Number of protein chains: 4
Amino acid sequence: MAKARDTKTKTRIQREKTEEILAAALDIFSSAGFRGASINEISKRAGMSTPSLLYYFQSKEHIHRELLSRTLLVWLGPLNLMKDSDDPVEEICTYVRRKLEISEQFPRESRLFANEILMGIPRAEQSQFDPLRSIFDAKIALIESWVRDGRIAPVDPHHLMYSIWATTQHYADFESQIKELSPEKMGTLFRDAETHLVAMYRTMLVPNGPEASE
Amino acid sequence: MAKARDTKTKTRIQREKTEEILAAALDIFSSAGFRGASINEISKRAGMSTPSLLYYFQSKEHIHRELLSRTLLVWLGPLNLMKDSDDPVEEICTYVRRKLEISEQFPRESRLFANEILMGIPRAEQSQFDPLRSIFDAKIALIESWVRDGRIAPVDPHHLMYSIWATTQHYADFESQIKELSPEKMGTLFRDAETHLVAMYRTMLVPNGPEASE
Amino acid sequence: MAKARDTKTKTRIQREKTEEILAAALDIFSSAGFRGASINEISKRAGMSTPSLLYYFQSKEHIHRELLSRTLLVWLGPLNLMKDSDDPVEEICTYVRRKLEISEQFPRESRLFANEILMGIPRAEQSQFDPLRSIFDAKIALIESWVRDGRIAPVDPHHLMYSIWATTQHYADFESQIKELSPEKMGTLFRDAETHLVAMYRTMLVPNGPEASE
Amino acid sequence: MAKARDTKTKTRIQREKTEEILAAALDIFSSAGFRGASINEISKRAGMSTPSLLYYFQSKEHIHRELLSRTLLVWLGPLNLMKDSDDPVEEICTYVRRKLEISEQFPRESRLFANEILMGIPRAEQSQFDPLRSIFDAKIALIESWVRDGRIAPVDPHHLMYSIWATTQHYADFESQIKELSPEKMGTLFRDAETHLVAMYRTMLVPNGPEASE
DNA sequence: CATGAATGAGCTTTCATTCAT
DNA sequence: CATGAATGAAAGCTCATTCAT
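Undergrad: Which parts of the structure should I look at to understand the overall build of chain A?
TA: Each helix and strand counted, chain A has 10 helices and 0 strands in total. In sequence order, the secondary structure elements of chain A are arranged as α-α-α-α-α-α-α-α-α-α. Taking the principal axes of its C-alpha atoms as reference, chain A extends roughly 70 × 40 × 30 Å. Burial analysis of chain A (214 residues in total) assigns 50% to the buried set. Considering only contacts within chain A whose residues lie at least 6 apart along the sequence, 72% involve residues at least 24 apart. About 9900 Å² of surface is accessible on chain A, with carbon and sulfur atoms providing 51% of the total. Side-chain charges in chain A split into 28 positive and 31 negative, and the spacing between the mean points of these groups amounts to 9 Å.

Undergrad: Could you clarify how one ought to interpret the packing of helix α7 (residues 130–148) of chain B against helix α8 (residues 157–173) of chain B in this entry?
TA: Angle between the axes and distance between the axes: these two values describe a pair of packed helices. All names here are of chain B. Relative to each other, α7 and α8 sit at 115 degrees, their axes nearing to 9 Å. Crossing hand, α7 versus α8: right-handed. Each of F136, K139, I140, I143 and E144 in α7 lies in contact with α8, whose residues at this interface are P157, H158, L160, M161, Y162 and W165. Taken together, the residues that form the contact of α7 with α8 break down as 8 nonpolar, 1 polar and 2 charged.

Undergrad: What should I look at first to understand α7 of chain B in this one?
TA: Each α-helix turn comprises 3.6 residues. Residues three or four places apart therefore point the same way. Compared with an ideal rise of 1.5 Å per residue, which puts 19 residues at 27 Å, α7 of chain B spans 27 Å between its outermost C-alpha atoms and is within 8% of the ideal. Looking at the buried residues of α7 of chain B, the elements they touch are α9 (175–181) of chain A together with α4 (60–81), α5 (88–105) and α8 of chain B.

Undergrad: In this structure, what is going on with the interface of chain D and chain C? I would like to understand it.
TA: Much of the literature gives interface size as the accessible area that the parts lose upon coming together. Taken together, the contacts link 54 residues of chain D with 54 residues of chain C. Taken over both partners, the interface formed by chain D and chain C buries close to 4700 Å², and the fraction arising from carbon and sulfur atoms is 62%. Among the residues of chain D in contact with chain C, L118, H159 and L181 of chain D are the three that bury the most area, contributing 15% of the side total. We note a salt bridge from D156 of chain C to K185 of chain D, for which the minimum N-O separation is 2.7 Å. Connecting chain D to chain C are 17 residue pairs in polar contact (both at pLDDT 80 or more). The set of elements that each furnish at least two residues to the side of chain D that touches chain C consists of α1 (12–36), α6 (107–118), α7 (130–148), α8 (157–173), α9 (175–181) and α10 (189–205) of chain D. With 12 residues, α8 of chain D is the single largest residue contributor to the side of chain D that touches chain C. Residue composition of the side of chain D that touches chain C, by class: 26 nonpolar, 18 polar and 10 charged.

Undergrad: Would you mind showing me how to read the packing of aromatic side chains here?
TA: For any two aromatic rings, the description comes down to two numbers: the centre-to-centre distance and the angle of the planes. Going through the model one piece at a time under the given rule, you end up with 40 aromatic pairs over all chains. Between the aromatic rings of Y171 of chain B and F190 of chain B, the centroid separation amounts to 6.0 Å while the plane-to-plane angle is 55 degrees, which identifies the pairing as tilted. Here F190 of chain B lies in helix α10 (residues 189–205) and Y171 of chain B lies in helix α8, a separation of 19 residues in the sequence. Relative accessible area serves as the criterion here: at 1%, Y171 of chain B is assigned to the buried category. Owing to a relative accessible area of 17%, F190 of chain B belongs among the buried residues under this scheme. What links up through ring pairs into an aromatic cluster is the set W75, F113, F129, F136, Y162 and W165 of chain A together with Y171 and F190 of chain B. The aromatic ring of F34 of chain B is capped on one face by K60 of chain B, whose charged end is 4.6 Å from the ring centroid.

Undergrad: Whenever I open this one, the protein's contact with DNA strand E confuses me. Can you help?
TA: For DNA strand E, the set of nearby residues contains 40 residues, the closest of which are I13, Q14, S52 and Y56 of chain B together with Y56 of chain C. Considering DNA strand E, the proportion of its atoms within 4 Å of the protein that are sugar or phosphate atoms stands at 66%. Y56 of chain B is positioned with one of its side-chain polar atoms (N or O) 2.5 Å from a phosphate oxygen of DNA strand E. Contact distances for DNA strand E include 3.2 Å between a phosphate oxygen and a side-chain N or O atom of N40 of chain D. Mapped onto the surface near DNA strand E, the elements with two or more residues apiece are α2 (39–45) and α3 (50–56) of chain A, α1 (12–36) and α3 (50–56) of chain B, α1 (12–36) and α3 (50–56) of chain C together with α2 (39–45) and α3 (50–56) of chain D.

Undergrad: Could you clarify how one ought to interpret the pattern of salt bridges in this entry?
TA: A pair can form between side chains of opposite charge whenever their charged atoms are brought close. All chains considered together, the criterion is met by 50 salt bridges over all chains. Ionic pairing is found between D27 of chain C and R45 of chain C, a salt bridge with its closest N-O pair at 2.6 Å. Of the two residues, D27 of chain C sits in helix α1 while R45 of chain C sits in helix α2 (residues 39–45), which places them 18 residues apart along the sequence. The class for R45 of chain C is exposed, based on a relative accessible area of 51%. Put simply, E90, R97, E194 and R202 of chain A are held in one network by salt bridges that share partners.

Undergrad: How should I be thinking about unusual backbone geometry in this particular structure?
TA: With the exception of glycine, the majority of residues adopt a negative phi angle, and the majority of peptide bonds are in the trans configuration. The phi dihedral of I121 of chain B falls on the positive side, at around 50 degrees, and the residue is not glycine. Look at I121 of chain B and you get buried, because its relative accessible area is 2%.

Undergrad: Explain the protein's contact with DNA strand F to me, please; I cannot follow it from the model alone.
TA: Neighbouring DNA strand F are 38 residues, the closest being Y56 of chain A together with I13, Q14, S52 and Y56 of chain D. When atoms of DNA strand F within 4 Å of the protein are sorted by moiety, sugar and phosphate together comprise 68%. Here a phosphate oxygen of DNA strand F and a backbone polar atom of K60 of chain B are 2.8 Å apart. Of all the secondary structure elements, the ones that give two or more residues to the surface near DNA strand F are α1 (12–36) and α3 of chain A, α2 (39–45) and α3 of chain B, α2 and α3 of chain C together with α1 and α3 of chain D. Residue classes in the surface near DNA strand F are distributed as 18 nonpolar, 15 polar and 5 charged.

Undergrad: Help me understand the relation of the copies chain D and chain C in this model?
TA: When chain D is brought onto chain C, the operation consists of a screw motion whose angular component is 179 degrees and whose axial shift is 0.1 Å, with 0.3 Å RMSD remaining. When the rotation and shift are considered jointly, the pair of chain copies conforms to a two-fold rotation axis. Taken as a fraction of all interface residues of chain D, those also at the interface in chain C reach 100%, which identifies the copy contact as same-surface.

Undergrad: When you look at the interface of chain B and chain A in this model, what are you seeing that I'm missing?
TA: Taken together, the 54 residues of chain B in the interface contact 54 residues of chain A. Sorting the residues of chain B by area buried against chain A places L118, H159 and L181 of chain B first, and these three jointly supply 15% of that buried surface. Where chain B meets chain A, there are 2 salt bridges. Across the contact surface, chain B and chain A share 17 residue pairs in polar contact (both at pLDDT 80 or more). Sorting the residues of the side of chain B that touches chain A by element identifies α1, α6 (107–118), α7, α8, α9 (175–181) and α10 of chain B as the ones contributing at least two each. With 12 residues, the top contributor of residues to the side of chain B that touches chain A is α8 of chain B. For the side of chain B that touches chain A, a count of residues per class yields 26 nonpolar, 18 polar and 10 charged.

Undergrad: How do you make sense of helix α4 (residues 60–81) of chain A when you look at a structure like this?
TA: Residues and elements named next belong to chain A. Between the first and last C-alpha of α4 there are 33 Å, a value that for 22 residues agrees with the 32 Å anticipated at 1.5 Å per step. W75 marks where α4 bends most, by close to 30 degrees; the proline P78 follows one to four residues later. Residues I63, H64, L67, L68, T71, L72, W75, L76, P78 and L79 constitute the buried set of α4.

Undergrad: Whenever I open this one, the domain arrangement of chain A confuses me. Can you help?
TA: All names here are of chain A. For chain A, the domain assignment lists domain 1 (1–58) and domain 2 (65–205). Distance from the C-alpha centre of domain 1 to the C-alpha centre of domain 2: 29 Å. The interface of domain 1 with domain 2 comprises 11 residues on the first partner and 9 residues on the second. The three residues of domain 1 that bury the most area against domain 2 are L22, L26 and S30, which together make up 54% of that side's buried surface. Applying the counting criterion to the domain 1 and domain 2 interface returns 2 salt bridges. D27 is paired through a salt bridge with R108; the nearest N and O atoms lie 2.3 Å apart.

Criteria and cut-off values
Residues numbered from 1 in each chain as written. Chains lettered and ligands numbered in written order. Predicted model: local features only at pLDDT ≥ 70, side-chain atom pairs only at ≥ 80, totals over all residues. Heavy atoms only, no water. Helix = DSSP H or I, 4+ residues; strand = E, 2+ residues; numbered from the N terminus. Buried < 20%, exposed > 50% of the residue type's maximum accessible area, 1.4 Å probe, protein only. Contact = heavy atoms within 4.5 Å. Areas by Shrake-Rupley, 256 points an atom, 1.4 Å probe, with all protein chains shown as cover. Lys, Arg positive; Asp, Glu negative; His and termini not counted. Charge placed at Lys NZ, Arg CZ, Asp CG, Glu CD. Axes fitted to C-alpha atoms, helices over the stretch in contact; angles between N-to-C directions. Left-handed = near helix turned anticlockwise from the far one by under 90°. Nonpolar A, V, L, I, M, F, W, Y, C, P; charged D, E, K, R; others polar. Expected span 1.5 Å × (residues − 1). Buried area = accessible area lost by both parts, 1.4 Å probe. Salt bridge = Lys/Arg side-chain N within 4 Å of Asp/Glu carboxyl O. Polar contact = N/O pair within 3.5 Å; in protein donor to acceptor, adjacent residues only side chain to side chain. Phe/Tyr/Trp six-rings, centres within 6.5 Å; stacked < 30°, edge-to-face > 60°. Lys NZ or Arg CZ within 6 Å of the ring centre and 35° of its normal. Near = heavy atom within 4 Å. Least-squares fit on C-alpha atoms with pLDDT ≥ 70 in both. Bend = angle between axes of the 7 residues up to and from the residue. Domains from an automatic or database assignment.

The following block contains the structure:
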């Protein structure tokens, strides 16, 4: 009845342990997948016994769920920042830049997220992805309005979004392949990627003058 | 001599069973990951006992290895077809189309492949990626020559390739996310994606400003 | 109904195959024990499929049983040759020599036999050891008569027999230990053993003259 | 840290369980051999679940290794006690008596040991026999010195040792055969064996012909 | 005769989880 | 709070054996 997970108000020590567990779990889950990870391994990396770990989290799934929730927040950060603007092309390019930065700084989170989707979103409850859905719809509407007003080139907003996600997340999710194929480019990978992607999306999105359209 | 896997020349029944196992294994591996998949589940789906399955494949790893090899062949198909051409922009656009078609027709293979890379390409499977490497280098050199000759817009060949892979594979690998976010678009997903991607890469690659085009 | 094991009259080919199987099985059983040996391994070494092997022998146990029977015959050979004689001491020494020769020439058989006894004679039916029992009793009686007549020194016939068996079989059964402890003596092992053992038993058995026998 | 086998300092319960497991394992290993024994059987006899057993010992091999180590200590006990002495013949006879006592009191250990050697001392366990080697060499040298000084009859020390081992261990290792052949002698088996063996080795080792004795 | 094919039973081991202290 | 102890379930895999051809 005194279990950490039952109380809303946590002591400092409880919060610290929770973070240590999540840090360890992120390492393991992101490099072995949910099924490939064992809570023994996680507890060992977190420097505690497995029963201790399960004192803080009801089950392996609960740890994973919490990690996924946090990852989603990180993931949504750049998207939340995309607002209507005087310069929609640059607004989108900024989104690309921020999204790429997330890949660079949170590659394990990106892989955790990718794995979840790759496996068909099996565990996460519908509800976990709800925030994403409503924000996504809003931003799609925003881009649609930009297109409608001729402020960016005509483009399918959904596929634009998917392209941005794909290209930016690729550098985190497929890092091992990139390392395998072009190890010599790793030093400036994210800088070059930014240059490349921003150029690509800018070229694509700059609207033709109304006279030259078509 | 006694076991199916020992013989080079397979009987009809061996070929059939082998294919049935691989089909079942592709289902399971692509939706559960290597560790998440159990050979019990695979054998059940293939309609045979687990020892029967192991009569045809030495181990779980051997099944996975074979699947990965075949997947790599499929994966390399479009890349192999990319050749020097009078119209390099269209050559690349054709590559994009073919790569997208692979995603549409072999989504499970794509996810198997993605999972492998996401998990960091475990050492055991590394050598399997060797053929990819040499073909990749050749095609990078080809694109470089097109850039050098001014036949396509200046672009970093590596990042162009990564972008193409990312954007085309996304439709297979992140399908569950797409279904979650825009179920109403699933009907024409790949057609729309093709339109979008081909437009994007064409815009990006056409060598000169619009005034000088053609 | 036509199975080889059912018919008493075997064709030449059947006899050959049977021998090949037994030769392979002796190798495996003697170096891995009954449980440690697998019929797959045996059939592979015999150069045939496992079902073929089981065509000639009903089961793993049947192979083992046949091997054990044959081994017993070999084992009994020297004992059978021990007869009443003018010089009982030499008769026993000759038995020692012959028994040692068996160890030298049939070490695998000796180990098979030893393993069976070590494991408590679990499989062999009572009946298999019956011939040994009656011959043993006869020879014990013979030795007893020699002792009674003062033709050899007073000795407990049972324990004399056990000593001879122990010391001669040791060179086959514990060969790996001897190799480990005195590899430099392996070259002349059996010659030295013979010298040593014959001297030991002769010293022990030579009767004191009647006047000196306390 | 979490597992019993990781800690150097064991709790009372750990020591107890460890001993229970080893007791059960000795029963099973000595009567079925390493391969023939299953940890399921061992855990059942020890009154615990198989995972519990594996909580105390990493693997089947580890249990066996520990048993073998302990057995070697018991085995070496009498040999260690053999020292230079005023009466080398009696010293050796005492060794024989002690060795025989070990066979009587630790027959399962003797069979475990014998089985290991019979199977050729699998590589994994080889290093465990190192202590035996050095002690053996020392005692061989001791006996050699006795021979050199004429304090015992000329004898090959290696073969003397092998004879002693063979004859004393025989009563443990081949017990089932003895029971089969002379059940009526089981009551006084070890007492008779001692009489017989001590007489045999004394006769053999007393340095001079009977005329000069004392 | 010979063997490819098939499988139930069993093997060693791992894992997520519970419980008592 | 923390952990030593315990286990049912399931994993990958081996094995002796059967059966149809």
